[in-house]
Amino acid sequence: MSQRPRLSLLAALTALMLPAAAFADSNGTVGNVEAVTLYESSSDNHAMFNGSVSIKEKTGQKRDYKWGGSLCPGRELSANSINLLFEALRAKKQVEVTPTYKAGNGGERCLTGFKLETR
(Lines give C-alpha, C1' and ligand atoms only; values in the text may rest on other atoms or scores of the structure.)
Protein backbone atom coordinates (compact mmCIF):
# COMPACT_ATOMS: atom_id res chain seq x y z
CA MET A 1 0.00 0.00 0.00
CA SER A 2 1.42 3.38 -0.97
CA GLN A 3 1.59 6.39 1.33
CA ARG A 4 -1.26 8.26 -0.40
CA PRO A 5 -4.02 5.66 0.34
CA ARG A 6 -2.78 5.33 3.93
CA LEU A 7 -2.95 9.08 4.45
CA SER A 8 -6.44 9.20 2.90
CA LEU A 9 -7.60 6.40 5.19
CA LEU A 10 -6.10 8.13 8.22
CA ALA A 11 -7.76 11.43 7.26
CA ALA A 12 -11.14 9.73 6.78
CA LEU A 13 -10.94 7.95 10.14
CA THR A 14 -9.93 11.15 11.90
CA ALA A 15 -12.85 13.04 10.33
CA LEU A 16 -15.27 10.37 11.59
CA MET A 17 -13.94 10.64 15.13
CA LEU A 18 -14.11 14.46 15.44
CA PRO A 19 -17.90 14.86 15.61
CA ALA A 20 -18.11 12.50 18.59
CA ALA A 21 -15.77 14.74 20.58
CA ALA A 22 -17.57 17.90 19.47
CA PHE A 23 -20.92 16.68 20.83
CA ALA A 24 -19.74 15.58 24.27
CA ASP A 25 -21.61 16.75 27.37
CA SER A 26 -20.28 19.88 29.07
CA ASN A 27 -20.04 20.49 32.80
CA GLY A 28 -21.70 23.54 34.26
CA THR A 29 -20.48 25.51 37.25
CA VAL A 30 -21.03 24.15 40.75
CA GLY A 31 -23.82 25.78 42.72
CA ASN A 32 -27.02 25.27 44.68
CA VAL A 33 -30.53 24.58 43.40
CA GLU A 34 -32.58 27.78 43.68
CA ALA A 35 -35.76 26.67 41.88
CA VAL A 36 -37.28 23.77 39.97
CA THR A 37 -40.02 24.44 37.40
CA LEU A 38 -42.19 21.74 35.83
CA TYR A 39 -44.79 22.05 33.08
CA GLU A 40 -47.41 19.37 32.56
CA SER A 41 -48.66 18.53 29.06
CA SER A 42 -51.73 20.76 29.60
CA SER A 43 -49.51 23.86 29.94
CA ASP A 44 -48.93 26.16 26.98
CA ASN A 45 -45.24 26.21 27.96
CA HIS A 46 -44.85 22.41 27.79
CA ALA A 47 -44.26 22.47 24.03
CA MET A 48 -41.24 24.75 24.52
CA PHE A 49 -39.71 22.88 27.49
CA ASN A 50 -40.95 20.42 30.08
CA GLY A 51 -39.04 21.81 33.02
CA SER A 52 -36.03 23.70 34.27
CA VAL A 53 -33.73 23.96 37.23
CA SER A 54 -32.15 27.24 38.33
CA ILE A 55 -28.67 26.93 39.77
CA LYS A 56 -27.11 29.72 41.80
CA GLU A 57 -23.43 29.36 40.98
CA LYS A 58 -20.73 30.09 43.55
CA THR A 59 -20.04 33.33 41.67
CA GLY A 60 -23.58 34.47 42.51
CA GLN A 61 -24.85 34.16 38.94
CA LYS A 62 -28.11 32.24 38.41
CA ARG A 63 -28.29 29.94 35.39
CA ASP A 64 -31.19 27.87 34.05
CA TYR A 65 -30.91 24.35 32.61
CA LYS A 66 -33.96 23.07 30.74
CA TRP A 67 -35.19 19.70 29.49
CA GLY A 68 -37.67 18.48 26.90
CA GLY A 69 -39.87 20.33 24.44
CA SER A 70 -38.75 22.14 21.31
CA LEU A 71 -35.86 23.90 23.08
CA CYS A 72 -34.31 20.63 24.28
CA PRO A 73 -35.67 17.83 22.07
CA GLY A 74 -34.70 14.36 23.24
CA ARG A 75 -33.33 15.71 26.53
CA GLU A 76 -35.79 14.27 29.03
CA LEU A 77 -35.35 13.74 32.76
CA SER A 78 -36.67 10.73 34.63
CA ALA A 79 -39.08 11.15 37.54
CA ASN A 80 -36.28 9.96 39.84
CA SER A 81 -33.90 12.68 38.61
CA ILE A 82 -36.59 15.34 39.06
CA ASN A 83 -37.17 14.10 42.63
CA LEU A 84 -33.43 14.37 43.32
CA LEU A 85 -33.49 17.99 42.14
CA PHE A 86 -36.40 18.72 44.51
CA GLU A 87 -34.43 17.12 47.36
CA ALA A 88 -31.41 19.28 46.46
CA LEU A 89 -33.71 22.33 46.54
CA ARG A 90 -35.00 21.31 49.96
CA ALA A 91 -31.45 20.84 51.30
CA LYS A 92 -30.31 23.99 49.44
CA LYS A 93 -27.15 25.04 51.32
CA GLN A 94 -26.06 21.51 52.25
CA VAL A 95 -26.04 20.12 48.69
CA GLU A 96 -23.95 21.34 45.78
CA VAL A 97 -24.94 20.53 42.22
CA THR A 98 -22.71 20.25 39.17
CA PRO A 99 -24.99 20.15 36.11
CA THR A 100 -24.10 18.38 32.88
CA TYR A 101 -25.62 19.75 29.69
CA LYS A 102 -25.69 19.88 25.91
CA ALA A 103 -26.44 22.93 23.80
CA GLY A 104 -30.07 23.14 22.77
CA ASN A 105 -32.13 25.28 20.44
CA GLY A 106 -31.97 29.02 20.98
CA GLY A 107 -28.71 28.72 22.90
CA GLU A 108 -30.41 26.98 25.84
CA ARG A 109 -28.47 24.70 28.16
CA CYS A 110 -30.23 21.33 28.12
CA LEU A 111 -29.73 19.28 31.27
CA THR A 112 -28.40 15.80 30.58
CA GLY A 113 -27.37 14.89 34.12
CA PHE A 114 -25.96 16.24 37.36
CA LYS A 115 -23.68 15.44 40.27
CA LEU A 116 -24.85 16.03 43.84
CA GLU A 117 -22.39 16.51 46.69
CA THR A 118 -22.82 17.41 50.34
CA ARG A 119 -20.84 20.36 51.64
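Rules and cut-offs
- Each chain carries its own residue numbering, running from 1 in the direction its sequence is written.
- This being a predicted model, a pLDDT of at least 70 is required before a residue's local features are given, and a value of 80 or more before pairs of side-chain atoms are given or counted; all residues contribute to the totals for chains, interfaces and linings.
- To obtain the side-chain values, all non-hydrogen atoms of the structure were used and water was disregarded.
- The way it works is that DSSP assigns letters per residue, a run of H or I at least four long becomes a helix, a run of E at least two long becomes a strand, and they are numbered from the N terminus.
- Burial classes: relative accessible area under 20% of the type maximum marks a residue as buried, over 50% as exposed, and values in between as partly exposed (1.4 Å probe, protein chains only).
- By the convention used here, residues are in contact when the closest approach between their heavy atoms is within 4.5 Å.
- For the accessible areas, the method is Shrake-Rupley and the probe is 1.4 Å, while residue cover comes only from the protein chains on display.
- Put simply, a nonpolar core is a bunch of buried Ala, Val, Leu, Ile, Met, Phe, Trp, Tyr and Cys residues held in one set by side-chain atoms that sit within 4.5 Å of each other.
- The definition of a polar contact used here is a pair of N or O atoms within 3.5 Å, where within protein one atom must be able to donate a hydrogen and the other to accept one, and adjacent residues in sequence count solely through side-chain atom pairs.
- The span one expects for a helix is its residue count, reduced by one, times 1.5 Å.
- The criterion for an aromatic pair is that two Phe, Tyr or Trp rings (for Trp, the six-membered ring) have centres within 6.5 Å, with stacked assigned to planes under 30 degrees apart, edge-to-face to planes over 60 apart and tilted to the rest.
- Ring-over charges, as used throughout, are those where CZ of Arg or NZ of Lys falls within 6 Å of the ring centre and within 35 degrees of the ring normal.
- Two strands form a pair only when DSSP identifies at least two bridges running between them.

(A) Representation of the overall build of the chain within the structure. A tally of regular secondary structure across the chain gives two helices and six strands. Ordered by position in the sequence, the α and β elements of the chain form the string α-β-β-β-β-α-β-β. Within the span of the chain, comprising 119 residues, buried residues form 29% of the whole. Put simply, of all contacts in the chain between residues at least 6 apart along the chain, 49% involve residues at least 24 apart. When the accessible surface of the chain is split by element, carbon and sulfur atoms take 54% of a total near 7,500 Å².

(B) Up close: the nonpolar core. V33, V53, W67, L85 and L111 are the most contacted members of the largest nonpolar core, which totals 14 residues. Of all the elements in the fold, those that place two or more residues in this core are β2 (31-38), β3 (51-57), β4 (62-67), α2 (79-90) and β5 (95-103). Those residues in contact with L111 that sit more than four places away from it in its chain are V53, Y65, K66, W67, R75, L77, L85, P99, T100 and Y101.

(C) The side chain of E96, seen in detail. Note that E96 resides in strand β5. Within the structure, E96 has its side chain in polar contact with the side chain of R119 (distance 3.2 Å). Look past the residues within four positions of E96 in its chain and what remains in contact with it is V30, G31, N32, K58, K115, L116, E117 and R119.

(D) Representation of α2. Over its 12 residues, α2 runs 17 Å from end to end, which matches the ideal 16 Å to within 8%, given 1.5 Å per residue. Of the surrounding secondary structure, the elements contacted by the buried residues of α2 are β2, β3, β4, β5 and β6 (109-118).

(E) Local environment of the packing of aromatic side chains. Under the definition given, this model contains two aromatic pairs. Here Y39 and F49 contribute two aromatic rings whose centre-to-centre distance is 5.3 Å and whose plane-to-plane angle is 80°, an arrangement assigned as edge-to-face. Taken together, the positions of Y39 in the loop between β2 and β3 and F49 in the loop between β2 and β3 put the pair 10 residues apart, joining distant regions of the chain. Residue F49 is classed as buried on the basis of its relative accessible area, which comes to 11%. An angle of 55° between the planes, with centres 5.7 Å apart, marks the rings of Y65 and Y101 as tilted. On the criterion of sequence distance, the pair formed by Y65 in strand β4 and Y101 in strand β5 is long-range, its members being 36 residues apart. A relative accessible area of 0% places Y65 in the buried class. Residue placement shows K66 over the ring face of F49; its charged tip is 4.8 Å from the ring centre.

(F) Seen up close, the pairing of β4. One ladder, built from six bridges, connects β3 with β4; its direction is antiparallel. Paired with I55 across the strands is R63, a residue of β4. What sits between the antiparallel neighbours β3 and β4 is a turn of four residues, in which G60 has the positive phi angle 100°.

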